[in-house]
Amino acid sequence: MKNKTPREALKAYVPDLPRKGAAHITRLIMGLMHISRPAKFFYRFDKRMMKNRPVLILAQHVSSDDPYDVIWGYPFVRPNAVMSMHQILRPGLFRLLMADGVILKSLYEPDIAAMRSMLRLRKKNASFVLFPEGIQSIDGTMQPLHPATAKLVKKLAMDTVLCTSHGAYL
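Residues numbered from 1 in each chain as written. Predicted model: local features only at pLDDT ≥ 70, side-chain atom pairs only at ≥ 80, totals over all residues. Heavy atoms only, no water.

Draft legend 1. Geometry of the confidence of the model for the protein. With 92% of its residues at a pLDDT of at least 70, the protein reaches an overall mean of 79. At the low end of the mean pLDDT range in the protein sits helix 2 (residues 20-36), at 74; at the high end sits helix 6 (residues 112-122), at 91. (pLDDT = per-residue confidence, 0-100. Helix = DSSP H or I, 4+ residues; strand = E, 2+ residues; numbered from the N terminus.)

Here you go:
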């Protein structure tokens, strides 16, 4: 059986819950990425409360590495990250992120296919990482939110955690 090209793999791709092995490898790689640029995480809640519960993590998008940072910062949750195409087409991470259940989204606008995937996976008790701004900040300030994001958060009806970043845009 020949290997599929990224285009063929994406055409046949349907997001699902993260595979356990892929989730462990993803977190290991993201932990190794943090050796060169360490980040500190502070939690203002009991992390044990999140274990084995579906959670929606809303995070600021202040740097290109945010999806990897947030996934690494919440090792007690195996979330499906909502990412754009350019985030997953990094060499060496493409197939791994697909096995990790990444939900692909169009940039700068609401994406019906991504919302449907999230609602379908919600029925399987999935957790999600979502960057509601939908665009990376160039100066560390909050970008405007699309009103459809609030509707999606309300429709998902999940426990929600806000993840803020300080200084990552530098």
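Draft legend 2. Up close: the sheet that holds strand 1 (residues 55-59). The strand order across the open sheet built from 5 strands is 3-2-4-1-5, with neighbouring strands paired in parallel fashion. Every other strand in the sheet has two partners, leaving strand 3 (103-105) and strand 5 (159-163) as the edge strands with one partner each. When the angles between neighbouring strand axes are averaged without regard to direction, this sheet yields 20°. For strand 1 and strand 4 (residues 127-130), the ladder comprises 3 bridges, and the chain directions are parallel. What sits directly across from isoleucine 57, in strand 4, is valine 129. Most of the contacts of helix 3 (residues 66-73) go to strand 2 (residues 79-84), to which it runs at about 175°, and overall it touches strand 1, strand 2, strand 4 and strand 5. Here helix 6 sits on the sheet and contacts strand 2, strand 3 and strand 4; the angle it forms with strand 3, its principal contact strand, is near 160°. (Pairing = 2+ DSSP bridges. Axes fitted to C-alpha atoms, helices over the stretch in contact; angles between N-to-C directions. Contact = heavy atoms within 4.5 Å.)

Draft legend 3. Local environment of the packing of helix 6 against helix 7 (residues 147-156). Axis separation between helix 6 and helix 7 bottoms out at 11 Å; the angle between their running directions is 15°. If you check the angle between helix 6 and helix 7, you find them roughly parallel. Considering only the axes of helix 6 and helix 7, their crossing is right-handed. Where helix 6 approaches helix 7, its residues Met115, Met118, Leu119 and Arg122 are matched on the opposing element by Leu152, Lys155 and Leu156. When grouped by side-chain class, the residues that make up the contact of helix 6 with helix 7 number 5 nonpolar, no polar and 2 charged. (Parallel < 35°, antiparallel > 145°, perpendicular 65-115°, else oblique. Left-handed = near helix turned anticlockwise from the far one by under 90°. Nonpolar A, V, L, I, M, F, W, Y, C, P; charged D, E, K, R; others polar.)

Draft legend 4. Representation of a nonpolar patch on the surface in the model. A cluster of nonpolar residues, Leu28, Leu32 and Ile35, forms a patch on the protein surface that exposes about 340 Å² of accessible area. Topologically, isoleucine 35 is positioned in helix 2. Judged by relative accessible area, isoleucine 35 falls into the exposed class, the value being 64%. (Patch = residues over 30% accessible without salt bridge, like charges linked within 9 Å, V, L, I, M, F, W, Y side chains within 5 Å. Areas by Shrake-Rupley, 256 points an atom, 1.4 Å probe, with all protein chains shown as cover. Salt bridge = Lys/Arg side-chain N within 4 Å of Asp/Glu carboxyl O. Buried < 20%, exposed > 50% of the residue type's maximum accessible area, 1.4 Å probe, protein only.)

Draft legend 5. Layout of unusual backbone geometry. For asparagine 125, which is not glycine, the phi torsion reads 65° and is therefore positive. Of note, asparagine 125 is situated in the loop between helix 6 and strand 4. Assessed through its relative accessible area of 52%, asparagine 125 is described here as exposed. One non-glycine residue, alanine 157, adopts positive backbone phi at about 50°. Residue placement: alanine 157 occurs in the loop between helix 7 and strand 5. Relative accessible area serves as the criterion here: at 57%, alanine 157 is assigned to the exposed category.

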